[in-house]
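This is what each chain is made of:
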Amino acid sequence: MGLKVGIVGLPNVGKSTLFNALTSAKAEAANFPFCTIDPNIGVVTVPDARLDKIADLVKPEKTMPTAIEFVDIAGIVKGASQGEGLGNKFLANIRETDAIVHVVRCFDDANIVHVSGSVDPLRDVEVINTELALADLDSIEKRYKKIEKTAQMTTDKALKIEFSIVSKLYKALQDGKPARTVIPNDEVEAKIMKECHLLTAKPVLYACNVKEDDFNAGGNEWTKKVEMHAKNENNEAILICAEIEAQIADLDPNERKDFLASIGATEPGLNRLIFAAYKLLNLYTYFTAGKKEVRAWTIHKGDKAPQAAGVIHTDFEKGFIRAETYHCDDLFALGSENAVKEAGKYRSEGKEYVVKDGDVMFFKFNV
């Protein structure tokens, strides 16, 4: 499952520093707008202690974690929807992502220029959200006008359904509401809505970037405002110190544990960002486990066994017969797959089985 999360924000809020720390890539981070001309892309493994525990018990030849792709998108400025700054090019990059991490500057530093001249997180959030909404309004207005007359005269049921959901989206965006507030009536409308690739339909995670002192203090007045704003949108906000994360990323893996202990942390803050992005997208992890490989696979919450099998290969879904499964917690408690079987925890499930987070699965299929 190819999952992309776009990192967005105004210039000089810490996006590229955060991206560098996430991916250990070295995107150029400079003290001026538009230093990131093309989107930097990095694949980030999802930390999962369960994968390591399964591997310790199964002892495979190799272990493969699941991953999320992060895209560092250059700073958006006011007027981007009309082509200001580097404009629509960056908005197009966001359209290709599944979710948005919106980095918000919640620190003051005279040495780092703010594109608007002062630090005001809620103003900055509004600038980005407005530009995304205006781009969506322009896009959906064109689609609405293209089908309006035909849809009102036709007996084509599919076109009428399309016009219905497009009209709802158009009305919401005209009223200043993000597309994600529109609830499709059924799977057909949901599919059409997804095909519109609207920016404001994507889930958003606000990452409040602060200085080390404020991070240790649990935030500041600016972060509290962003957290409240996120809550009002039914979104989430987390605290991050890009400077600390960059330091951690530069350390040898053996030194990271000592550094984390010195700042009173047990894991990098970036792990929380990855987990939050995972949660934002309603994702689950299931595992396959054998002597050759123990591997984590990403699915959506609610996926049934055939869909989960299809993540490995489309043939697995097409020819699905059944899934043999048990939960990793049973493996940890009992110590081996044989013990799981003897305890009656090993099951055979059919096409309607809804996969649980942490399931260990083996698929039977025929093509």
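Treat the numbers as computed from the prediction; the structure is a model and nothing was measured. (Residues numbered from 1 in each chain as written. Predicted model: local features only at pLDDT ≥ 70, side-chain atom pairs only at ≥ 80, totals over all residues. Heavy atoms only, no water.)

Sorry if this is basic, but what is going on with the pairing of strand β8 (residues 283–289) here?
Look at any regular strand and the pattern is simple: side chains alternate between the two faces of the sheet. Within β8, 5 of the 7 residues are buried, leaving the element largely enclosed by the surrounding structure. Bridge count for β8 against strand β9 (residues 293–300) is 7 bridges, and the pairing is antiparallel. Within β9, the residue paired with A289 across the bridge is V294. (Buried < 20%, exposed > 50% of the residue type's maximum accessible area, 1.4 Å probe, protein only. Helix = DSSP H or I, 4+ residues; strand = E, 2+ residues; numbered from the N terminus. Pairing = 2+ DSSP bridges.)

Looking at this model, I keep getting lost on the packing of aromatic side chains. Mind explaining?
Any two aromatic rings considered together are summarised by their centre-to-centre distance and by the angle between their planes. Tallied over the entire structure, the rule returns 6 aromatic pairs. Grouping aromatic residues by their ring pairs yields a cluster made of Y144, F163 and Y170. A cation over an aromatic ring shows up here: K53 above the ring of F332, its NZ or CZ 4.3 Å from the ring centre. Above the ring of Y346, the side-chain terminus of K341 is found at 4.8 Å from the ring centroid. (Phe/Tyr/Trp six-rings, centres within 6.5 Å; stacked < 30°, edge-to-face > 60°. Lys NZ or Arg CZ within 6 Å of the ring centre and 35° of its normal.)

Teacher, can you tell me more about the nonpolar core here?
Looking at soluble globular proteins, one finds that nonpolar side chains tend to be buried together. The biggest cluster of nonpolar side chains holds 52 residues, and the ones touching the most others in it are V5, L22, F70, V101, Y206 and L273. By residue number, the principal contributor to this core is helix α11 (residues 269–280), which donates 7 residues. Look past the residues within four positions of V101 in its chain and what remains in contact with it is V5, G6, I7, V8, F70, L205, A207 and L273. (Core = buried A, V, L, I, M, F, W, Y, C linked by side-chain atoms within 4.5 Å. Contact = heavy atoms within 4.5 Å.)

Teacher, can you tell me more about the sheet that holds strand β4 (residues 67–72) here?
Pairing between sheet strands relies on hydrogen bonds along the backbone, with the strands arranged either parallel or antiparallel. As summarised here, the arrangement of the 6 strands in space is β2-β4-β1-β5-β6-β7, forming an open sheet in which the pairing is mixed. Every interior strand has two partners, whereas the edge strands, β2 (40–45) and β7 (236–240), have only one. For this sheet the average axis-to-axis angle between neighbouring strands, irrespective of direction, equals 25°. Both β2 and β4 contribute to a ladder of 6 bridges, which runs antiparallel. Looking across to β4, one finds that I41 is bridged to V71. The strands touched by helix α4 (residues 121–153) within the sheet are β1 (4–8), β5 (99–105) and β6 (204–209), with β5 carrying the most contacts at an inclination of about 145°. (Axes fitted to C-alpha atoms, helices over the stretch in contact; angles between N-to-C directions.)

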